[in-house]
Amino acid sequence: MTVESAGEEINFDGLVGPTHNYAGLSEGNLASARNADTAARPRDAALQGLAKMQRLRALGLAQGVLPPHERPNIAWLRSLGFSGSDAAVWEQAWTSEPALARAALASSAMWAANAATVSPSADCADGRLHASVANLQTMLHRILEAEQTERTLRRLMPDDSRFAVHPALLAHDTLSDEGAANHMRMAASAGAPGVEIFVYGRAAGEARAGFPARQTLEACHALARRHGLASRAVFARQKAGAIDAGAFHNDVVAVAHEHVLFHHQDAFDDAGALYAEVRAKAKGFEPVFIETPRARVGLEDAVSSYLFNSQLVRLPGAKALTLVAPTEVRENNRTGSYVAELIAQPNAAVGHVEYVEVRESMRNGGGPACLRLRIVMTPAERAAAAQGFFLDDALAARLEAWIAKHYREELAPADLGDPALVDETQTALDELTRVLPLGSDFYPFQRA
Ligand code: SUG
């Protein structure tokens, strides 16, 4: 193995927060709308996420974990004029401004694919690993994540000589950015220099009917410039019909790893042009494009099963890639049989499937791939990163005990305004700052 190909992809999953609930906040996300105002199970949700992380570790992959954010977001509610004790702030907000209160409660930071866009050092002009926090400006509840996410990534990657953590782009419609959910990378191996594909739904100023297009071309350009990608960057437009069918992020209809891009026929406006540009820029590998025909799997089945929101990974020593798919794919006859056929082909690029259960997250439109942020690190970068974010059995056991101790079994719509939630979640998060290397001033309530 050459030095430059020694990098390893590490999945950093967002830990589901104690206020996981279904508030129907995301227009264009069909699962979020369908399950609005139903009861959520925060403890199960967090345990399902942790079990998925442990499963990938058991398969031989490196795994990290990112902390939930403080919710309800009391500091933000105070900035809107609510006052008194934290519990009083929450109670007043819930009764007088339910739309704002719901945004302040969302546990959406769990979908770490939206935390940032990450370029491995092998791709970046200055030889550092670059990460740009996403502004998530399309949805009110998500725009609140950027500041805390930046804090997290700086804790994880503290050494400026190796890591460049960029703050979010200005939160404006022109620079709308949803992070790695609209970014794919192809390379001979995870650590080798690659081609980075930025997928956008619209250019700034373009009028669009239908569901919101959350990523602009201008944001993609800015990220590629900041990261110093030069000619490694490729820009592809998402098909409007995919967005309107519920693919609010590209990772609902496409996923790439190493030399393989697996996507739905209706994912991109011009798949042919994308293939040609990737082929022209690919160094040291022959790209493999697996396009799923709409006649075989319609967009509706792709979106409801989350077939493409799978993780594509290479297990140690494996010749072919493995698809880590949600169990909903197996439960749908069309997607289940399609995957069975795909992996049975001779010399299949994707040769194995592992089904994982993340049902609570799926009910809000977050599959296995939404829950993770991929960061390729060289051995030296990994050594320079904060070690306490890497999952091992001891940390998993501590997190499991922490979840069991602090998380409610159920959060029904009628429970959400409960002022006791504030103290409960702050106590839990305060304890978490001693389980993960966050420090005693990580959360806003700790600094108040
Ligand atoms: O932004 N759902 C998230 C799901 C994000 C999935 N991420 C990726 N595709 N990478 C969203 O729409 C729903 C919250 C609610 O309705 O309670 C929500 O925010």
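Quick note: structure is the one above.
Residues numbered from 1 in each chain as written. Predicted model: local features only at pLDDT ≥ 70, side-chain atom pairs only at ≥ 80, totals over all residues. Heavy atoms only, no water.

Participant: It is not clear to me how the overall build of the protein chain should be interpreted in this structure. Could you clarify?
Facilitator: Secondary structure summary: the protein chain contains 18 helices and 15 strands in total. Taking 448 residues into account, the globule formula puts the C-alpha radius of gyration at 22 Å, and the protein chain, at 21 Å, falls close to it. Counting every position in the protein chain, which comprises 448 residues, the buried fraction comes to 59%. Across the protein chain, the fraction of contacts at a sequence separation of at least 24, relative to all contacts at a separation of at least 6, is 76%. Split by element, the accessible area of the protein chain, about 16,100 Å² in all, is 52% carbon and sulfur. The average position of the 43 basic charges and that of the 54 acidic charges among the side chains of the protein chain differ by 3 Å. (Helix = DSSP H or I, 4+ residues; strand = E, 2+ residues; numbered from the N terminus. Rg over C-alpha atoms; globule rule 2.2 N^0.38 Å. Buried < 20%, exposed > 50% of the residue type's maximum accessible area, 1.4 Å probe, protein only. Contact = heavy atoms within 4.5 Å. Areas by Shrake-Rupley, 256 points an atom, 1.4 Å probe, with all protein chains shown as cover. Lys, Arg positive; Asp, Glu negative; His and termini not counted. Charge placed at Lys NZ, Arg CZ, Asp CG, Glu CD.)

Participant: When you look at the environment of histidine 352 in this model, what are you seeing that I'm missing?
Facilitator: Tracing the backbone through its elements, the reader meets histidine 352 in strand S14 (residues 350-356). Placed 219 residues apart in sequence, histidine 352 and valine 133 show a C-alpha to C-alpha distance of 33 Å.

Participant: I tried to follow the sheet that holds strand S2 (residues 63-66) on my own but got confused; where do I start?
Facilitator: Working definition: the strands of a sheet are paired by backbone hydrogen bonds and lie parallel or antiparallel to each other. Strand order in the open sheet made by the 3 strands is S2-S1-S15, with mixed pairing throughout. The strands lining the two open edges of the sheet, one partner per strand, are S2 and strand S15 (372-377). Across this sheet, the average inter-strand angle for adjacent strands is 30°, counted without regard to direction. Sheet topology note: the strand S1 (residues 8-14)/S15 ladder contains 6 bridges and is antiparallel. The partner of phenylalanine 12 across the bridge, within S15, is leucine 373. Together, S1, S2 and S15 form the strand contacts of helix H2 (residues 42-58), whose direction differs from that of S2 by roughly 160°. (Pairing = 2+ DSSP bridges. Axes fitted to C-alpha atoms, helices over the stretch in contact; angles between N-to-C directions.)

Participant: So what exactly am I meant to see when it comes to the site of the ligand here?
Facilitator: Lining the immediate surroundings of the ligand are 22 residues, of which Leu25, Ser26, His141, Asp251 and Cys370 lie closest. A distance of 3.0 Å separates an oxygen atom of the ligand from a polar atom in the side chain of asparagine 29. Taking histidine 249, its side chain carries an N or O atom lying 2.9 Å from a nitrogen atom of the ligand. Look at the ligand: alone it shows 480 Å² of surface, and the protein chains cover 99% of it. Of all the cavities here, the one that holds the ligand is the second largest cavity. By residue class, the composition of the shell around the ligand is 8 nonpolar, 11 polar and 3 charged. (Near = heavy atom within 4 Å. Polar contact = N/O pair within 3.5 Å; in protein donor to acceptor, adjacent residues only side chain to side chain. 1 Å grid on protein atoms, 1.4 Å probe; cavity = no way out; pocket = protein on both sides within 12 Å on 5 of 7 lines; lining within 4 Å. Sits in = over half its atoms within 2 Å of the grid points. Nonpolar A, V, L, I, M, F, W, Y, C, P; charged D, E, K, R; others polar.)

Participant: Got a minute to help me understand the packing of H2 against helix H16 (residues 393-406) in this structure?
Facilitator: Two quantities define a packed helix pair, namely the angle between the axes and the distance from one axis to the other. It is the contact of H2 with H16, at a shortest axis distance of 10 Å, that shows an interaxial angle of 170°. When the interaxial angle is binned, H2 and H16 end up roughly antiparallel. Across the interface between the two elements, Arg43, Ala46, Leu47, Leu50, Gln54 and Arg57 of H2 pack against Asp393, Ala396, Leu399, Glu400, Ile403 and Ala404 of H16. Residues of the contact of H2 with H16, tallied by class, amount to 7 nonpolar, 1 polar and 4 charged. (Parallel < 35°, antiparallel > 145°, perpendicular 65-115°, else oblique.)

Participant: Looking at this model, I keep getting lost on the packing of aromatic side chains. Mind explaining?
Facilitator: Any aromatic ring pair is given by two values, namely how distant the centres are and how the planes are angled relative to each other. Enumeration over the complete set of coordinates arrives at 8 aromatic pairs. Plain terms: the ring middles of phenylalanine 262 and phenylalanine 308 are 4.7 Å apart, the flat faces sit at 45° to each other, and that makes the pair tilted. Of the two residues, phenylalanine 262 sits in strand S10 (residues 260-264) while phenylalanine 308 sits in the loop between helix H11 (299-305) and strand S12 (311-313), which places them 46 residues apart along the sequence. Exposure class is identical for phenylalanine 262 and phenylalanine 308. Each is buried. Centroid distance tryptophan 402 to tyrosine 407: 5.3 Å. Interplanar angle 75°. Geometry classified as edge-to-face. When sorted by exposure, tryptophan 402 lands in the same class as tyrosine 407, which is buried. Taken together through their ring pairs, the aromatic side chains of Phe442, Tyr443 and Phe445 make up a single cluster. (Phe/Tyr/Trp six-rings, centres within 6.5 Å; stacked < 30°, edge-to-face > 60°.)

Participant: So what exactly am I meant to see when it comes to the packing of helix H4 (residues 86-96) against helix H5 (residues 98-105) here?
Facilitator: At a minimum axis separation of 6 Å, H4 and H5 run at an interaxial angle of 130°. As judged from the angle between their axes, H4 and H5 are oblique. Where H4 abuts H5, its residues Trp90, Ala93, Trp94, Thr95 and Ser96 lie against Pro98, Ala101, Arg102, Ala104 and Leu105. For the contact of H4 with H5, the per-class residue count stands at 7 nonpolar, 2 polar and 1 charged.

Participant: Looking at this structure, how should I read unusual backbone geometry?
Facilitator: Generally, phi is negative for residues other than glycine and the peptide bonds are trans, each holding for most cases. Looking along the chain, the bond that leaves arginine 71 and enters proline 72 is cis, with omega of 0°. In this structure, leucine 136 takes a positive phi of about 50° despite not being glycine. Checked against the element boundaries, leucine 136 lands in the loop between strand S4 (129-133) and helix H6 (140-143). Here the phi dihedral of asparagine 347 falls at roughly 55°; this positive angle occurs in a residue that is not glycine. Mapped onto the elements of the fold, asparagine 347 is located in the loop between helix H13 (333-344) and S14.

Participant: I would appreciate a short explanation of the pattern of salt bridges in the present structure.
Facilitator: A side chain of one charge can pair with a side chain of the opposite charge if their charged atoms are brought near each other. Evaluated as defined, the whole model comprises 35 salt bridges. A salt bridge links aspartate 266 to lysine 239; the shortest N-O distance between them is 3.6 Å. You can see aspartate 266 sitting in the loop between S10 and helix H10 (271-281) and its partner lysine 239 sitting in the loop between strand S8 (233-237) and helix H9 (240-244), a full 27 residues away along the chain. Across the pair glutamate 277 and lysine 281 runs a salt bridge, and its minimum N-O distance is 3.0 Å. Placement of the pair is glutamate 277 and lysine 281 together in helix H10, with a separation of 4 residues, close to one helical turn. Taking the relative accessible area as the measure of exposure, lysine 281 reaches 24% and is therefore partly exposed. (Salt bridge = Lys/Arg side-chain N within 4 Å of Asp/Glu carboxyl O.)

Participant: It is not clear to me how the nonpolar core should be interpreted in this structure. Could you clarify?
Facilitator: Note on soluble globular proteins: their nonpolar side chains tend to be buried together. Counting 80 residues, the largest nonpolar core has Met157 and Leu432 as its most contacted members. Leu323, Ala325, Leu342 and Val350 belong to the second-largest nonpolar core, a separate cluster that totals 18 residues. (Core = buried A, V, L, I, M, F, W, Y, C linked by side-chain atoms within 4.5 Å.)

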